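Working through the structure, step by step
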Amino acid sequence: MGRPGYVTVPILSVLAAIGYVYYTTVFLAIPAWLGLTTAAGVANAAAFTALAAACVATYAVAVLREPGSVPASFVPDVEDAGSPIHEIKRKGGDLRYCQKCAHYKPPRAHHCRVCKRCVLKMDHHCIWINNCVGHENYKIFLIFVLYAVVACLYSMVLIIGGAIHLPKDEQPGSDSPRTSIIVCGVLLCPLALALMVLLVWHVYLILHNKTTIEYHEGVRAMWLAEKAGNIYHHPYNLGVYENLISVLGPNMFCWLCPVSRNIGNGVRFRTSYDIPLSKA
């Protein structure tokens, strides 16, 4: 496993897959169906090229951007009235302290055994970007997955059209356009399905203002609460709109813009116990 920011085999695999799908779609499928000299062919080639470039750009940012490190000076203030929730250890009830990093953990932060550091609002460690997905790069990771899903579906439409319009008398072979188009289509089906499942999963998490780690912790917390006759409520669930704002930013028109950032410093998060901003 490579260090964060280093090029690894999974990263090369992703880039190779993007390049192969792009070449097959633009230089084989589109010419077979629409032709690269027609207005429709040029328009589709240009649109798919822009989409592929957006995928590569957002993927590169997700790989290179720091997910969010815990400030060295962070110390939880238990007397701070503005922080109604302080996460504690399951055993002992002490404030969460990372022995490996030798500092306290802010709310929603976790230690990554692969990166060997604590990450703010950690969601998971992704081998495909050789990086953690956390507070600072979660949005760009989500946008990359969204662009990748759109690119896969767009490519599948063009590849199906290209396969249908290939000459009937073409001799099949390892280097023939028909073989390349069929192979690319077969690879795109499971890839598109996996990316769509991943996208739907993270949309669900955003709507409930949870991370993947918090979802699994919540399942256990809900079971323990029901066992004790209580009702578990995720403390960071502020309602659908506020949850979207907390991850995608306050400007709705920039929610899918890759250059806009999320809000907050990753150390302090609003909770359902906070006073509404309109009344503060």
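Residues numbered from 1 in each chain as written. Predicted model: local features only at pLDDT ≥ 70, side-chain atom pairs only at ≥ 80, totals over all residues. Heavy atoms only, no water.

The subject of this paragraph is the overall build of the chain. Each helix and strand in the chain was counted, giving six helices and six strands. Beginning at the N terminus, the succession of helices and strands in the chain can be written as α-α-β-β-β-β-β-β-α-α-α-α. The buried share of the chain, taken over its 280 residues, is 41%. Within the chain, residue pairs in contact and separated by at least 24 positions form 63% of the contacts whose partners lie at least 6 positions apart. As displayed, the chain has an accessible area near 15300 Å², and 66% of this comes from carbon and sulfur atoms. (Helix = DSSP H or I, 4+ residues; strand = E, 2+ residues; numbered from the N terminus. Buried < 20%, exposed > 50% of the residue type's maximum accessible area, 1.4 Å probe, protein only. Contact = heavy atoms within 4.5 Å. Areas by Shrake-Rupley, 256 points an atom, 1.4 Å probe, with all protein chains shown as cover.)

On inspection of all chains with the given rule, the structure shows 11 aromatic pairs. Taking the centre distance of 6.2 Å and the plane angle of 10° together, the rings of Tyr22 and Phe48 count as stacked. Residue Tyr22 is found in helix α1 (residues 9-33), and its partner Phe48 is found in helix α2 (residues 39-64); the two are separated by 26 residues along the sequence. For Phe48, a relative accessible area of 3% gives the class buried. (Phe/Tyr/Trp six-rings, centres within 6.5 Å; stacked < 30°, edge-to-face > 60°.)

This part takes up the packing of helix α3 (residues 138-164) against helix α4 (residues 177-207). One can describe the packing of α3 onto α4 by two numbers: an axis separation of 8 Å at closest approach and a directional angle of 145°. In this structure, the crossing between α3 and α4 has a hand that is left-handed. Looking at side-chain class alone, the contact of α3 with α4 contains 24 nonpolar, four polar and one charged residues. (Axes fitted to C-alpha atoms, helices over the stretch in contact; angles between N-to-C directions. Left-handed = near helix turned anticlockwise from the far one by under 90°. Nonpolar A, V, L, I, M, F, W, Y, C, P; charged D, E, K, R; others polar.)

Right, let's talk about unusual backbone geometry for a bit. Residues other than glycine seldom take positive phi values, yet Arg108 does so here, at roughly 75°. Among the structural elements, Arg108 can be located in the loop between β2 (103-104) and β3 (110-112). Classification of Arg108 by relative accessible area gives buried; the value is 2%. Its identity is not glycine, yet Lys121 carries a phi of approximately 45°, on the positive side. With respect to the element layout, Lys121 can be found in the loop between β4 (117-119) and β5 (124-126).

Attention shifts here to the packing of α1 against α3. With their axes 8 Å apart at the nearest point, α1 and α3 run at an angle of 40° to one another. Relative to α3, the element α1 is oriented oblique. Where α1 crosses over α3, the two elements pack in a sense that is left-handed. Contacts from Val21, Thr25, Ala29, Ile30, Ala32 and Trp33 in α1 reach Ser155, Val157, Leu158, Ile159, Gly161 and Gly162 in α3. (Parallel < 35°, antiparallel > 145°, perpendicular 65-115°, else oblique.)

It is worth spelling out the UniProt feature "transmembrane region" (unreviewed entry) in the chain at this point. Cross-referencing UniProt, the feature "transmembrane region" (unreviewed entry) maps to residues 12-36, 42-64, 140-160 and 180-207 in the present numbering. Helix makes up 88% of residues 12-36 and strand 0%. Its end C-alpha atoms lie 29 Å apart. The distance separating the terminal C-alpha atoms of residues 180-207 is 40 Å; by composition the span is 100% helix and 0% strand. (UniProt positions renumbered as here; feature names shortened; annotations may be inferred.)

Right, let's get into the side chain of His103. Examined against the element boundaries, His103 turns out to sit in strand β2. A relative accessible area of 14% means that His103 is categorised as buried. Leaving out residues up to four positions away in the same chain, His103 has contacts with Val70, Tyr97, Cys98 and Cys118.

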